[in-house]
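Analysis of the macromolecular model
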Amino acid sequence: GPRVASTVARSARLLGRPIDAGMTQRHPRDLSAGERLCLAIALQTARRPRVLLLDEPSRGLDGDSRSPLADVLTALAEQGTAIVAATHDQDVVVAVATRRVDLD
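Cut-off values and rules
- Residues numbered from 1 in each chain as written.
- Predicted model: local features only at pLDDT ≥ 70, side-chain atom pairs only at ≥ 80, totals over all residues.
- Heavy atoms only, no water.
- Helix = DSSP H or I, 4+ residues; strand = E, 2+ residues; numbered from the N terminus.
- Buried < 20%, exposed > 50% of the residue type's maximum accessible area, 1.4 Å probe, protein only.
- Contact = heavy atoms within 4.5 Å.
- Areas by Shrake-Rupley, 256 points an atom, 1.4 Å probe, with all protein chains shown as cover.
- Salt bridge = Lys/Arg side-chain N within 4 Å of Asp/Glu carboxyl O.
- Axes fitted to C-alpha atoms, helices over the stretch in contact; angles between N-to-C directions.
- Parallel < 35°, antiparallel > 145°, perpendicular 65-115°, else oblique.
- Left-handed = near helix turned anticlockwise from the far one by under 90°.

Turning our eyes to something else, we now look at the overall build of the protein. Within the protein, the secondary structure is distributed over 5 helices and 2 strands. When the helices and strands of the protein are read in sequence order from the N terminus, they spell out α-α-α-β-α-β-α. In the protein, which comprises 104 residues, the share counted as buried stands at 35%. A sequence separation of at least 24 residues applies to 68% of the contacts in the protein between residues at least 6 apart. On the protein, roughly 7,100 Å² of surface is accessible, and the fraction owed to carbon and sulfur atoms is 51%.

Take a look at the structure:
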């Protein structure tokens, strides 16, 4: 319906991708793992939370899927959402983090 289409469109905007009619008609199961994660983040941030907590957001994603994740997290941060993530993925940390706390 219209709410699903607007959420998919928001996810596409966060990814910096053009929105086409076919995109809003696709079922979430037909999206890549990275696109599904970005859609889930778009759903969770639809009400514009001030803080987003993520636990291992890149777990199970291949290199091609990590880039859209970094793009979405960067876009959310630029829009004013504080993001706190627990991760072992140093590539995501380097790509996205403005502050890093290492735990031993």
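All right, on to the pattern of salt bridges then. The full count for this structure, using the stated rule, is 2 salt bridges. For the salt bridge of arginine 66 with aspartate 89, the shortest nitrogen-to-oxygen distance reads 2.6 Å. Pair noted here: arginine 66 is in helix H4 (residues 63–78) and aspartate 89 is in the loop between strand S2 (82–86) and helix H5 (90–96), with a separation of 23 residues, a long-range link. Note on arginine 66: relative accessible area 27%, which makes it partly exposed. Taking the shortest distance from any N to any O, the salt bridge between arginine 100 and aspartate 102 comes out at 2.9 Å. The class of arginine 100 is partly exposed, set by a relative accessible area of 48%. The class of aspartate 102 is exposed, set by a relative accessible area of 57%.

The subject of this paragraph is the packing of helix H3 (residues 33–44) against H4. Two elements in contact, H3 and H4, have axes separated by 8 Å at closest approach and are oriented at 20 degrees. Judged by the inter-axis angle, H3 sits roughly parallel to H4. Crossing of H3 over H4 shows right-handed handedness. Each of Gly34, Leu37, Cys38 and Ile41 in H3 lies in contact with H4, whose residues at this interface are Ser65, Pro68, Leu69, Val72, Leu73 and Leu76.

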